[in-house]
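Structure assessment
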Amino acid sequence: MSIRIAQLTDLHFLKQYDKHISENELVNAINQEHILIAEIDGKNIGWLRYNYFWDNTPFMNMLFILSEYRSKKYGTNLVVYWEEQMKRLGFNTVMTSTQANEYAQHFYYKLGYNAIGGFSIGNDPYELLLSKEI
């Protein structure tokens, strides 16, 4: 697996699967170099999108691996790569979140993330905030 910064040519791939943000915001994230693409033999198999919590703490907004590539450590490798990049940039803490009823929280716990709180808006499931010292 190789990891690279997303380009505008990846927009179609991202739009196909990332229904959580608008196309304009995807373009902004690409232009800010806030999306990492995982690929195998030139085929996109997933991505990691991030921004900043409180404008100063890297926050992983989205980690996505195509279903046929899951449970093969590609997601783990992508997260570890991102954490290393954030550490090189001088950060010592990273964050993410997941709904408390999703299995993803256990994935993050295995990677050393700790629950630090959460919130619920309306009838949405409880959103669990996680952080990790890097």
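The structure reproduced in this document is the subject of the present report. (Residues numbered from 1 in each chain as written. Predicted model: local features only at pLDDT ≥ 70, side-chain atom pairs only at ≥ 80, totals over all residues. Heavy atoms only, no water.)

1. Side note on the layout of surface pockets
In this approach, a probe sized like a water molecule rolls over the atoms, and the result shows the empty space that is left. The following threshold applies: Using a 1 Å grid laid over the protein atoms alone, points where a 1.4 Å probe fits but cannot get out form a cavity; open sets with protein on both sides within 12 Å along at least 5 of 7 lines form a pocket; any residue with an atom within 4 Å of a point counts as lining. Grid points are joined across faces, edges and corners, and a volume is the space filled by probe spheres set on the points. Strands here are runs of E lasting at least two residues and helices are runs of H or I lasting at least four, both read from the DSSP assignment and numbered beginning at the N terminus. Charged means Asp, Glu, Lys or Arg here, nonpolar means Ala, Val, Leu, Ile, Met, Phe, Trp, Tyr, Cys or Pro, and polar covers whatever is left, Gly included.
Quantified by volume, the largest pocket comes out at close to 1,100 Å³. Around the largest pocket sit 34 residues that line it, and L63, T98, A104, F107 and Y108 are the ones nearest its centre. Contributing elements (two or more residues each) for the lining of the largest pocket: β4 (57-65), α3 (74-88), β5 (93-99), α4 (104-110) and β7 (127-133). The element that contributes the greatest number of residues to the lining of the largest pocket is β4, accounting for seven residues. Its residues assigned to classes, the lining of the largest pocket comprises 17 nonpolar, ten polar and seven charged.

2. Quick notes on the side chain of E39
Put simply, the test is: Using a 1.4 Å probe on the protein chains alone, a residue whose accessible area is under 20% of its type maximum counts as buried, one over 50% counts as exposed, and one in between counts as partly exposed. Here a residue-residue contact requires only that any non-hydrogen atoms of the pair lie within 4.5 Å.
The residue E39 is located in strand β2 (residues 35-40) in this model. Accessibility expressed as a relative area gives 14% for E39, which makes it buried. If we ignore the near neighbours within four places in the chain, the residues touching E39 are M1, S2, R4, N44 and I45.

3. As for the sheet that holds strand β3 (residues 43-53)
Put simply, the rule is: Think of it this way: DSSP has to see at least two bridges between two strands before they count as a pair. Think of each axis as a best-fit line through the C-alpha atoms, taken over the contacting stretch in the case of a helix, with angles from 0 to 180 degrees between the N-to-C directions.
The mixed open sheet is built from seven strands, whose spatial order is β1-β2-β3-β4-β5-β7-β6. At either margin of the open sheet sits one strand with a lone partner, and together these are β1 (2-5) and β6 (114-119). Taking each pair of neighbouring strands and ignoring which way they run, the sheet shows an average axis angle of 30 degrees. Here eight bridges tie β3 to β4, and the two strands are oriented antiparallel to one another. Note that in β4 the partner of W47 across the bridge is F64. Here α3 sits on the sheet and contacts β1, β2, β3, β4, β5 and β7; the angle it forms with β4, its principal contact strand, is near 160 degrees.

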